[in-house]
Amino acid sequence: MSLLDRGVVGAAGSGDTPGPVRLGGVSKAYGRGRSALLALDRVSLTVEPGEFVCLLGASGCGKSTLLSLVAGLDPASGGTIDLGGHRVSMMFQEPALFPWLTVSRNVEIAMRLRGVGREQRRERAAALLETVRLTGFGRKRPHELSGGMRQRVALARALAQDADLLLMDEPFGALDAMTRDILHDELERIWRERSLTVLFVTHNVREAVRLGDRVILLSSRPGRIIEEFPVEQPRPRRIDSPEVAGLAATITDRLRAEVSRHAQ
Amino acid sequence: MPSETPTTGPALADPDTARRQPGGSTADEVTGLDALELASTRADSRVADVGRAVWSTTWPKLLAIALVIAAWQVLYLSEWKPPFALPAPMTVFDDIRELVVSPDFPRAIAITAQRALTGFLLAVVIGTLIGAAVARFRPLRAAIGSLITGLQTMPSIIWFPFAILLFQISETAILFVVVIGAAPSIANGLIGGIDYVPPTWLRVGKVLGMRGLSLYRFLILPASLPSFISGLKQGWAFAWRSLMAGELLVIVAGQGSIGSLMQGAREFNNAPRLLSWIIIVLVLGILVDILFNAADNALRRRWGLQQS
Ligand SMILES: Nc1ncnc2c1ncn2[C@@H]1O[C@H](COP(=O)(O)OP(=O)(O)OP(=O)(O)O)[C@@H](O)[C@H]1O
Ligand SMILES: [Mg+2]
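What counts, and at which threshold
Residues numbered from 1 in each chain as written. Chains lettered and ligands numbered in written order. Predicted model: local features only at pLDDT ≥ 70, side-chain atom pairs only at ≥ 80, totals over all residues. Heavy atoms only, no water. Patch = residues over 30% accessible without salt bridge, like charges linked within 9 Å, V, L, I, M, F, W, Y side chains within 5 Å. Areas by Shrake-Rupley, 256 points an atom, 1.4 Å probe, with all protein chains shown as cover. Salt bridge = Lys/Arg side-chain N within 4 Å of Asp/Glu carboxyl O. Helix = DSSP H or I, 4+ residues; strand = E, 2+ residues; numbered from the N terminus. Pairing = 2+ DSSP bridges. Axes fitted to C-alpha atoms, helices over the stretch in contact; angles between N-to-C directions. Domains from an automatic or database assignment. Contact = heavy atoms within 4.5 Å. Buried area = accessible area lost by both parts, 1.4 Å probe. Polar contact = N/O pair within 3.5 Å; in protein donor to acceptor, adjacent residues only side chain to side chain.

(A) A look at a nonpolar patch on the surface. A grouping of B:Trp55, B:Trp59, B:Leu62, B:Leu63, B:Ile65 and B:Leu67 is seen on the molecular surface, where their side chains present a nonpolar patch of about 670 Å² in accessible area. By the element assignment, B:Trp59 lies in helix H2 (residues 27-77).

(B) Summary view of the sheet that holds strand S9 (residues 225-230) of chain A. Residue and element names in this part refer to chain A. Taken together, six strands build an open sheet; the order of strands is S5-S6-S7-S3-S8-S9 and the sheet is mixed. One side of each edge strand has no neighbouring strand; the edge strands of this open sheet are strand S5 (88-91) and S9. This sheet shows a mean twist of 20° between the axes of neighbouring strands, independent of strand direction. Pairing of strand S3 (residues 52-56) with strand S8 (residues 214-218), which is carried by four bridges, proceeds in the parallel orientation.

(C) Quick peek at the domain arrangement of chain A. All names here are of chain A. Taken domain by domain, chain A comprises domain 1 (3-17 + 49-75 + 164-263) and domain 2 (97-162). On a C-alpha basis, the centroid separation for the pair domain 1 and domain 2 is 25 Å. Taken together, the 13 residues of domain 1 in the interface contact 13 residues of domain 2. Taking both partners together, domain 1 and domain 2 bury about 1000 Å²; carbon and sulfur atoms supply 63% of that area. Summed over the shared surface of domain 1 and domain 2, the result is one salt bridge. Salt-bridge contacts for Arg-194 lead to Asp-162; the nearest nitrogen and oxygen are separated by 4.0 Å. One can count three residue pairs in polar contact (both at pLDDT 80 or more) joining domain 1 with domain 2. Sorting the residues of the side of domain 1 that touches domain 2 by element identifies strand S6 (165-169) and helix H5 (177-194) as the ones contributing at least two each. No other element matches H5, which puts seven residues into the side of domain 1 that touches domain 2.

(D) How the structure looks around the sheet that holds strand S4 (residues 78-82) of chain A. Residue and element names in this part refer to chain A. The antiparallel open sheet is built from three strands, whose spatial order is S2-S1-S4. Bordering the open sheet on either side are strand S2 (37-47) and S4, each of which pairs with just one other strand. If you compare each strand with its neighbour and ignore which way they point, the axes differ by 20° on average. Pairing geometry for strand S1 (residues 21-30) and S4, over four bridges, is antiparallel. The residue bridging Leu-23 from the neighbouring strand is Ile-81, located in S4. Helix H1 (residues 63-70) contacts S1, S2 and S4 of the sheet and is inclined by roughly 120° relative to S1.

See the structure below:
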C-alpha cells in the first residue's frame, strides 16, 4: 500500500475534495500477436490527493505510456484506473504551444473551451502568466520566447484547466540546470498553493528527490514498480543539498543495478 | 510565499535573463533589460534591411528582364521570322501603351478578373467542403481520396468539349471548367494539412478537452492553415490557366474578355497585340503570386517558421 505520510498532505481548499488516484494492475501492450510489445506490466499505484509523486526509470521503460493511460489518451490493455474524481491536465515533454495563438491566448484556450467570457479569460490568463513569472509576455508569439519561457507558458496553459491532477512528462528535461532549479521552486509553490496532486515523470534522480513526496522506481521493459522511496526531507529542499544528494545516490545505485540486470 | 528559497528570490523574475545577467538585482531591472534587447534587435533590422532587401530582390529581376528583351531584339534583327509574325520589342511596347489606354482594356480585365474571382471563390467553397468531408469521414476518403488527386493532375482543358455540350457556349461552361480545375488542389491542400497535424498537438488538444467540432475549430483547422494556403495558391494557378484556355475556346458573344480579344487579334494577324496580351497576362499572374506569397510570409512570420 501507499507509503505516504498522510500528515504531508495539505488541506484541499474546495468542498468536493477528490479521492486517491488508484491504478490497479495496469498493463499496456503495443501491437498484437507475436509482435506485441509489453510496455507496462501490472502496475499498481495509489496517489493520495495533494501528493507529489515522481516516477523514475530508464529510457523506454514505459513512463510516458503510464501518463498517457492516466490522462485517457490511450486505452490500457488490462487493469483499472480510477482517478478518484480528479480532473486531469497534462504537460508534455515539449511545450507544444500553438503557434497561431499569442502566449496569452494559448493560456486562455482551456477557458475558451469551457465558454468563459473574453474579459474574464484575459484576466485569468494575465494572473496565470504572473504565477509563472511571465507578466507582460502575453502578446508575444510562442516562437519569440526562450525554451524555459515556453515551458512556463505550457505550465500556465495546463494550470488554466483548473484540474487538480497534474501529469508532467519530463517537463524540464531539455532545460539547463539553472532554469530548471527556478522552475522547480515555482512548481513547488504552485503545487502547494493549489493543493494539486502531481504525477511527475523524469529520469533525473535528483530532480525526483528534490520534488517528490515519494519516488517510484520502474524496472526496464516491461515497466514494473520495483521500489518506492519516501522522501522525508522537509521542504523547501535544494537540489544540491547533501540530503537530496544522499538519497539520490541510493536510488541511482538501485537504478543502475536494474539497468545492468536488464542489459544482460 | 513560504516555499521560496532565498538563493533564487531575485532570479525568479526570469530565469533566462537572470542567467545572462548574474548581477541583475530586481525583477523590474531584469524585465527592462529583456525588453531593451527585444526592441533593439527589431529596430536595427527594420530600417537597414528594408532597403537592402528590396534592392537585393529587385536587381536580379531587372537584369533578367533586360536579358530577355535583348535576346528578343537579337532574334528580331536576325530576321528568323518575318516582322509581322515576330515584331520588335519596341513595337510591342508601343502597342501595350496604346492598348492600356483603349476602352477595351479595362473592360477585358474586368470581365476576365470577375470570371477568375467567381470561379476561384466557388472553387474555394467547394474544395474546402469536400476537403473537410474527406478528411473527416474515412469511407469518403476511401471512396474519393485518390479521385481528387487524379482530377488535380488532369489538364482541365480536357473538360471543355463536355462543358460546352452541357452548358453550351456560355459563362457557365467556363465557370464549370475553372472550378473543376481549381477545387481539387484546394481540397488536397486542406486534406494534407489536416492529415499532418503533429500528433503532439492532437494529444495536447485532447487533454485540454477538445472533442469533435471544437477539436476542428480550435486545433485542426488553424493547424492546417499553411497547407491550406499553399493549396489555395496552387488552386489559383489552375483556375487562371483553365480560365485562359476557356476564354480562348469559348467566346461568349458580346463579352470582350482577354481571351476573346486575343482571338480577335489572331484573326487580324496582329502579332504585337497578341504579345501585348501575353505580357499583360504574365504580369497579372506575377501580381497575384505576390499577393499569395505575402499572405504565406505573414503566416510564417507569425508562426516563427521563417528565419529572418
Ligand atoms: N505508439 C507506440 N507503438 C508501439 N510501441 C510504443 C509506442 N509508444 C511507446 N512504445 C514502446 O513502449 C515502450 C515504452 O515507451 P515510453 O515512451 O512509455 O517510454 P519512456 O519510459 O517514456 O521513455 P523515455 O524516458 O525515453 O521517454 C518503449 O519500448 C516503446 O518502444
Ligand atoms: Mg517518455
